[in-house]
Amino acid sequence: MSDFDPGRRRFLGHLGLAGLGALGASSFLSACASSASGPTTGKGSGAVTIQSNLSSPQAKEAMEKLIANFNAQGKGSASLNTIASETFRTQLPTYLTSANPPDLYTWYAGSVANDYASKNLLLDVSDVWKSMGDYPQSLRTLSTEASGKQIFMPMNNYWWGFFYRKSNFAKWGVQEPKTWTEFLALCETLKSKGVPPIGIGLGDTPWVASAWFDYLNIRINGAPFHRELLAGKQRFDDPKVKAVFTRWREALPYFDPKGKAYPFQEATTALLAGKTGMFLIGTFFADAAPKDALGDLDFFRFPIIDPAVPLAEEAPTDGFFASAKTANPAGTKALLTYLSGVEAQEAYVKASSGIVLPANPKAKASDSPLVVKGKAMLDEAKELTQFFNRDSSDALQPTADTALTKFLDKPDQIDAILREWQAGAEKVFKG
Amino acid sequence: MNKLRTGSFHAGMILLSLLWLGPVLWVVVMSTRSFDDIAAHGVGSLPQSFTLDTYRQAWTDGGELRALINSMLVTVPSVALSLCLAAMAAFALSRFRIPGRRTMLLLMLAGNLLPPQILLIPVSKFSELTGLYDTLWALITVQVGFGLGFYTFVLHGFMRDLPGEIQEAATIDGAGTGQIFTRIMLPLTRPALAALGALSFTWIFNDLLWAITVLRTDDNMPVTPALLGLQGQFVSSWNVIAAGTVIAAVPTVAVFLRFQRHFVGGLALGAVK
């Protein structure tokens, strides 16, 4: 089984690449960033190469179409290079620090991009943003690094929520909850009907638990505190963080006990088969659903706990950044300008078939009820967060995985777990 | 009593081989299921659909043809080159009194004990410095370099045990070193070469680590990273990946079947002195 395991983190272990990933991310990056001085086979004004991790068939095809369109316009030429997403994740630092790097990369907005920017690896794309006046301020801020330059171009984002099957909720005679109290009542009802209320999939995909931490934290302590915590400016053993886990414990008895064993893809199967009631997950899970089940899916926002806290939602943003060493900055920026346009964004959303929202506010998203509802939810939010690893770093994510998995097993030991988490996080921030 | 023993032996062996073949069968079955079937019932359930379209998808959409060609372009020269070099090195080390030959041999063995992971970054940087990065030449060089030590070691053990009288007789007949090597030693080493050839073919063909370390263009990727490329960021079509895996297994199985005789014989080479 394990060789065909879809878990992305597990895969790292299999390849023995974890070491490279860790090395590449920290020491290697700083050590070799300046020293690499290979032969510069200057590409001059040749084709712009795009290193893409969008390896799923639909997304890959969507990207191929976009690039073909761009090339047909005659404003420049580009070539697409699709790499398995798991390979891409571990090799990205190597790509960026190599002597003759690819020009453009698909990646995530937020602190992960800013990290690279702080090492002077990313191209300043403020010029591209000049033509992106329509974009909301939130996305502009997200794409801006510490010194005030834009280094990222957002392509699309998606949302997280409690997904469920409409037919099952009707069968059980239950409604979407709005508040935490209603949510717990709903869980109680489902449990009395013999259905494990909350599905989760932590085997091989332990990062899924971070969504619970993120959401409880932004609902109880607010998004600014959450960001500061993830940036190392607050402590994990703070009483405010403990309050998050006190809330979480109220919901713990309703978690599907099997969820610790299987990955989220199988948790999706369980949800669709009516073996769990609902599932806090990002929209990407729908790719693991059979087509005939898609119309039956609906979701509700993570219940409100403290109405005084400004509403925030998780909306991971995907997009592009460019290498600072690109031999063809003009061509790269021309391509970015094209990708930020209405036409390209709509074409991508249409072809990719995934449930994503275009970043360009003028581009139309798909008009399925699910997407309309998701867009409305994000529009209503005062603040958007990305996700645990995107708001912090891939290095901090394992500390969260360890702490949250332990908490789910032994909720009594929360004080010790938080102390350990803080110690683990300090090591990451120092390193 | 004897019958009972044979019976239970066979029953046990059948169970054991089923255990061995189970995962393979599972992959083959999975490759014929539709995505919706897998998504609705999970990867472990019994098949409720049958399709061969997965093979078409893996072949055309997954770019497996290009990847197989790349794999062959890397594997065949790598095997040939490394065996050729290893045979020459083994010949020299085993038949001539070269000073420091023991040290050299131990050094080659020591290289094999090193986990390849710690060399990933040096190899990647070095291939950049030499301008080979992102070419198939880089992969061939790396494969030859890493295989050489082990192949030399094995061939050295084999050649050392060939009777010295043959070499002496050839010398008396007026054969030079080169002739002894090509006309006496190589034919005699054939079983070992065939076994190593099959073994190294499998290793190099199935390698993933070096391919993704020194290559970054998808058109250059051999078949293993191409298979990995069939995975999506979050969700993967396991049926298509299974089909791709079956296709990718064909060349190695073919080579193994062809060299099976030598393969088993070759494995026992080091067993008896």
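Residues numbered from 1 in each chain as written. Chains lettered and ligands numbered in written order. Predicted model: local features only at pLDDT ≥ 70, side-chain atom pairs only at ≥ 80, totals over all residues.

K.L.:
What exactly am I supposed to notice about the interface of chain A and chain B here?
P.N.:
When the parts of a complex come together, some accessible area is lost, and that lost area is often used as the size of the interface. In this complex, chain A contributes 40 residues to the contact, which on the side of chain B involves 31 residues. Secondary structure elements with two or more residues in the side of chain A that touches chain B: helix H2 (18-25), helix H3 (27-32), strand E2 (78-82), helix H5 (85-97) and helix H14 (264-272) of chain A. Broken down by element, the side of chain A that touches chain B gets its largest block of residues, 6 residues, from H5 of chain A. Grouping the constituent residues of the side of chain A that touches chain B by class yields 20 nonpolar, 16 polar and 4 charged. (Contact = placed C-beta atoms within 7 Å. Helix = DSSP H or I, 4+ residues; strand = E, 2+ residues; numbered from the N terminus. Nonpolar A, V, L, I, M, F, W, Y, C, P; charged D, E, K, R; others polar.)

K.L.:
Help me understand the nonpolar core, please; the structure alone is not making it clear to me.
P.N.:
Most often, soluble globular proteins have nonpolar side chains that are buried together. Counting 182 residues, the largest nonpolar core has Ala113, Leu122, Phe163, Phe320 and Phe321 of chain A together with Leu139 and Leu155 of chain B as the members making the most contacts within it. It is helix H7 (residues 136-160) of chain B that contributes the most residues to this core, 13 residues altogether. Shared between two domains, this core takes at least three residues from each, and those domains are domain 1 (2-158 + 317-363) and domain 2 (160-314 + 389-430) of chain A. (Core = buried A, V, L, I, M, F, W, Y, C linked by C-beta atoms within 7 Å. Buried ≥ 20, exposed ≤ 12 C-beta atoms within 10 Å, placed from the backbone. Domains from an automatic or database assignment.)

K.L.:
Just to check I follow, could you spell out the sheet that holds strand E7 (residues 278-282) of chain A for this structure?
P.N.:
Two orientations exist for strands paired in a sheet by backbone hydrogen bonds: parallel and antiparallel. All names here are of chain A. Spatial ordering of the open sheet is given by E6-E7-E5-E8, a layout of 4 strands whose pairing is mixed. In this open sheet, the two edge strands, each paired with only one partner strand, are strand E6 (198-199) and strand E8 (297-300). Two elements, strand E5 (residues 160-165) and E8, share 4 bridges in a ladder whose sense is antiparallel. Residue pairing for E8: arginine 165 is matched across the bridge by leucine 297. (Pairing = 2+ DSSP bridges.)

K.L.:
Looking at this model, I keep getting lost on the UniProt feature "domain: ABC transmembrane type-1" (unreviewed entry) in chain B. Mind explaining?
P.N.:
Following the UniProt record, the feature "domain: ABC transmembrane type-1" (unreviewed entry) maps to residues 68-259 of chain B here. Each end of residues 68-259 of chain B is marked by a C-alpha atom, and these two atoms are 20 Å apart; helix forms 78% of the span and strand 0%. (UniProt positions renumbered as here; feature names shortened; annotations may be inferred.)

K.L.:
Sorry if this is basic, but what is going on with the sheet that holds strand E4 (residues 153-157) of chain A here?
P.N.:
Residues and elements named next belong to chain A. Read across the sheet, 6 strands follow the order E2-E1-E3-E10-E4-E11 without closing on themselves; strand pairing throughout is mixed. Edge strands, defined here as strands with exactly one partner in the open sheet, are E2 and strand E11 (357-358). Sheet topology note: the strand E1 (residues 48-52)/E2 ladder contains 5 bridges and is parallel. By the bridge assignment, isoleucine 50 is partnered in E2 with leucine 80.

K.L.:
Can you walk me through the domain arrangement of chain A in this structure?
P.N.:
Residue and element names in this part refer to chain A. Per the domain assignment, the segments making up chain A are domain 1 (2-158 + 317-363) and domain 2 (160-314 + 389-430). Counting residues at the interface gives 15 residues for domain 1, matched by 16 residues for domain 2. Sorting the residues of the side of domain 1 that touches domain 2 by element identifies helix H1 (8-15) and helix H6 (111-118) as the ones contributing at least two each. Sorting elements by how many residues they give to the side of domain 1 that touches domain 2 places H6 first, with 3 residues. Grouping the constituent residues of the side of domain 1 that touches domain 2 by class yields 6 nonpolar, 5 polar and 4 charged.

K.L.:
I would appreciate a short explanation of the pairing of strand E3 (residues 104-108) of chain A in the present structure.
P.N.:
Both faces of the sheet carry side chains from a regular strand, because those side chains alternate between them. Residue and element names in this part refer to chain A. Counting buried residues along E3, 5 of its 5 residues qualify, which places the element largely inside the surrounding structure. Burial of E3 is two-sided: the residues Leu104, Thr106 and Tyr108 facing one way and the residues Tyr105 and Trp107 facing the other way are all buried. Sheet analysis places E1 next to E3, joined by 2 bridges and oriented parallel. Of the residues in E3, the one forming a bridge with glutamine 51 is tyrosine 105. The pairing of E3 with strand E10 (residues 317-322) spans 5 bridges and is classified as antiparallel.

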